[in-house]
Amino acid sequence: MGILKRPGDLLGGLLLVLYTATICAVALAYPTANWDLIAYVASVLEGDGLLGHDMHAQTYAIVRSNVSDGEFLVLTADRPYRIAQHTDPDAFISMLGFYRVKLLYVEFAQFLTQATDPVTALRWVSAISAGLFGLMTLSWLGGQRCLAVAPLAIIAMMATGFGDLARVATPDLFSAVFLVAGVLLYVQERGLSAGIAFVLAILARPDHLALVGVFAVMAVIIRPMSKGVILGFIAGLAAYIAISRMSGHPGWWVQMWFTNVEYVPTLEGFDPPFSILTYLQIVVQTIVRSLVEQQWPAVLLAELFVVALLLRHNFVFERRETVALTSLFVAIPAKFVVFPYYDTRFFFAYLIAIAFLLITIYGRQGSPVFFSAPPPVPQEE
C-alpha cells in the first residue's frame, strides 16, 4: 500500500503499463512482415515434421494468407535473393540452418501453433515478449523503489527500438527478456536464477554467449564471483556447441560473408575462404552503416556519458552493479568484433540492461522527480 502514498511511483508505474500495453497491441494489430518471418515459419513447420518441398510450399502458402498482397510481393519478388528463395525449394531449405539455432524461440512458437497458425504464433511470441519485458521492468523498478523514474525507462526503451522489435518476427526481444532478467537477478544476488536465465537466453539466441562469457570472467576478476553465472556459462557453451551442430548451422565465416558481403541464392556448396582483408572491410563498412543508419552508437555514447556524470556527482555503484555494467560495456565491442553487424536490434538487450541499471542508480540516490513528493524537512525543536 506504500505506493499509494507516493504519487510519483503511482504515475510512473501507470505510464509504464500504458506504454507496454500500447506496444503489445501494436505488435498484434500492425506487425511488420520481414523476410525472417518466412524462414521462422519454415523452422516451426519442420518441428512439426513437415519437410522438403512440401514444407516450402506450405510455408509460403501460410505466409501468403497472413500478409497483404503488397507485402507478399516485397517478400518474394523485390530482389534476386528473395525470388530464388520463393522459386527454388532446395535453395530455401539450405538457409534454414541460420534460423534453427534459435531453438527456444522456434520451440515456443511451435507450442503456440496448437491454437493458431505459425505466422500468428510468431506474432504472439513478439507480443508476449513485449508484455513480459514491460512486467519485468515494472517489477524491477518497483522492487528498487524507483518507479518514479519509470518515464526514463520508457525513454530508454523507445531509444533502443523496443517498439520496432515487438512488431517483427525475430528472437531479439524474446531472448532479451531472459538476458536482461539474468543481469538483474545477478545484481539482486540471485546467482543460480541468473545462470538459468542466461542459459535460456543462449537457447533463444546463441550469440548471447558473448555476454555470458564476459559476465563470468568479470564476476571472477571484479567480484563477487557467482557460481550460478559460471555454471550458466558452461551450460550455455555446451548448448551452443550442440545446437550449432544439430541445426546444421553453416558456420561463423559463411554467415559473416552472407550477412555482410553477398546474399548468395543457396548455401549448397558455398564455402568462401577466410580473408583477413575481407573481414577488415566488413568491420569498416559495418561501422559506417552503424554511424549513418542506426541509433545504437548514440545510445552507447549517451550511456557512457551518464556513467561519467554519475561518478562525477558521487553516485554510489554497488559491487554487483559494477560487475554487470562492466560486462555489458565490454560485451558490446566484443560482440561487434566477433561478428560485425550494424542493426540496433543486435545490441538491444545490452543497451537496455545498461539503461535500467543506470536509471536505478539514479532513482535511488537522486533528487525526486516526476511528481515524487520531496523529502520531509526536519522541524526545529
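These lines cover the structure that appears in this document, whether it is placed above or below. The structure displayed is predicted, hence computed values, not measured ones. In every chain, residue numbers begin from 1 and rise along the written sequence. Two thresholds apply to this predicted model, a pLDDT of at least 70 for residue-level local features and 80 or more for giving and counting side-chain atom pairs, whereas whole-chain, interface and lining totals are computed over all residues. Excluding hydrogens and water, the side-chain values take into account all heavy atoms of the structure.

Side-chain rings of Phe, Tyr and Trp (the six-membered ring for Trp) are treated as a pair once their centres are within 6.5 Å; stacked means planes under 30 degrees apart, edge-to-face means over 60, and tilted covers the remaining angles. By the definition in use, this model includes 32 aromatic pairs. Relative to Phe 348, the ring of Phe 133 lies with its centre 5.6 Å away and its plane at 45°, an arrangement referred to as tilted. On the criterion of sequence distance, the pair formed by Phe 133 in helix α9 (residues 118-143) and Phe 348 in helix α20 (residues 348-365) is long-range, its members being 215 residues apart. Exposure categories follow from relative accessible area, calculated using a 1.4 Å probe and restricted to protein chains: below 20% of the type maximum is buried, above 50% is exposed, and the middle band is partly exposed. Phe 348 gets classed as buried once you look at its relative accessible area, which sits at 0%. Ring plane angle 45° and centroid distance 5.7 Å describe the contact between Trp 252 and Trp 253, whose orientation is recorded as tilted. Accessibility expressed as a relative area gives 39% for Trp 252, which makes it partly exposed. Note on conventions: DSSP H or I runs of at least 4 residues are helices, E runs of at least 2 residues are strands, and numbering of each starts at the N terminus.

Okay, the environment of Glu 321 next. Along the chain, the position of Glu 321 falls in helix α19 (residues 319-338). Along the sequence, Glu 321 and Val 187 sit 134 residues apart, while their C-alpha atoms lie 6.0 Å from each other. Pairs of residues are marked as contacts when any of their non-hydrogen atoms sit within 4.5 Å. Excluding residues that lie within four positions of it along the chain, Glu 321 makes contacts with Val 187, Val 316, Ile 361 and Arg 364.

Let us now look at the pattern of salt bridges. A side chain with one charge can pair with a side chain of the opposite charge if their charged atoms come near. A pairing counts as a salt bridge when a side-chain nitrogen of Lys or Arg comes within 4 Å of a carboxyl oxygen of Asp or Glu. Counted according to the given criterion, the structure contains 12 salt bridges. Here Arg 364 ties to Glu 318 by a salt bridge, and the two come within 3.8 Å at their closest N and O atoms. A residue pair is termed long-range when its members are at least 10 positions apart, and Arg 364 in helix α20 and Glu 318 in the loop between α18 (296-312) and α19 qualify at 46 residues. Asp 343 is the salt-bridge partner of Arg 345, the closest N and O atoms lying 3.5 Å from each other. Via salt bridges that share partners, Asp 172, Arg 205, Asp 207, Lys 335, Asp 343 and Arg 345 belong to a single interconnected network.

Geometric descriptors of this kind do not, in isolation, establish any biological role.
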